[in-house]
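Residues per chain, in single letters:
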Amino acid sequence: MDSGTYAGGGTALLVRSSLPHHVTPLQTTAIEGTSITVERRNKASITIASVYKSPSKPLEKSDLQNLFANRRDVLVIGDLNAKHHTWNPNGGNRQVTIAYEYSKNNNLKICAPNQPTRVTHRTKNAIIDICISKGIDRITSESIPALSSDHNPVLFTIDIDDIQKRNIDALQFTNWDKFQSQLKHLLPGNPKIFTTQLKISTINTIQQSRLQVEQK
């Protein structure tokens, strides 16, 4: 999670624990974000970044290069305060031209909902939350008026295959009463152990006995 250093910022990612992933630090200046890399079995890994850019900070081309360069499959999703006439009917802002031109020149896909993501009575409604993707094309988006905030949640649905869930080991508990009873049968009379070979044999017997108890 990245809380940012100014009001209105803050990003986070909620990840299912069974998905193999690791945190990927972002090297950006104007864009704050939280990023992970999700591993896939037979395909390239996917870098997913939840981002925010303050409207008071100019978008830098170097930030986009740091997000997308040297990565095959990337999803950058969030509030970039990016208004462009391509997806925002009420006009655009100057700094988003950098993102639009960079995406066009580097074969990136921009996905934005048809509905406004920021609703206000003071100015015109706007679509400022977008997804910029590299290597992934099957994306749909929807702005959902579900909160009292002037900023709607945006649902991006992304079709990704070959994700392998991590196996989560089930907890096992030893039945110690049964374990002790089985040891009395296998090692009757609390025998004395003098040789190394006998020690190894006894340890193996104890380990096998415990495994048998846990499996039953």
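The shown structure was predicted, so the numbers you read here are calculated from the model rather than taken from an experiment.

A. Representation of helix α1 (residues 61-68). Among the residues making up α1, those that are buried are D63, L64, L67 and F68. Considered in projection along α1, the buried side chains sweep an arc of 115° and stay on one side of the axis. Looking at the buried side of α1, the elements it contacts are β2 (31-38), β4 (73-79), α2 (96-105) and β6 (129-134). Once α1 ends, the next one or two residues include N70, with phi positive near 60°.

B. Broad picture of the sheet that holds strand β1 (residues 21-23). The 6 strands are arranged β1-β2-β3-β4-β6-β5 in an open sheet whose pairing can be described as mixed. Unpaired on one side and paired on the other, β1 and β5 (109-111) mark the two borders of the sheet. Going from strand to strand, the sheet's axes swing by 20° on average, the running direction of each strand aside. Bridge count for β1 against β2 is 3 bridges, and the pairing is antiparallel. By the bridge assignment, H21 is partnered in β2 with V38. Of the strands in this sheet, β2, β4 and β6 touch α1, which is tilted by about 135° from β4.

The rules behind these values
Residues numbered from 1 in each chain as written. Predicted model: local features only at pLDDT ≥ 70, side-chain atom pairs only at ≥ 80, totals over all residues. Heavy atoms only, no water. Buried < 20%, exposed > 50% of the residue type's maximum accessible area, 1.4 Å probe, protein only. Helix = DSSP H or I, 4+ residues; strand = E, 2+ residues; numbered from the N terminus. Arc of directions from axis to C-beta. Contact = heavy atoms within 4.5 Å. Pairing = 2+ DSSP bridges. Axes fitted to C-alpha atoms, helices over the stretch in contact; angles between N-to-C directions.

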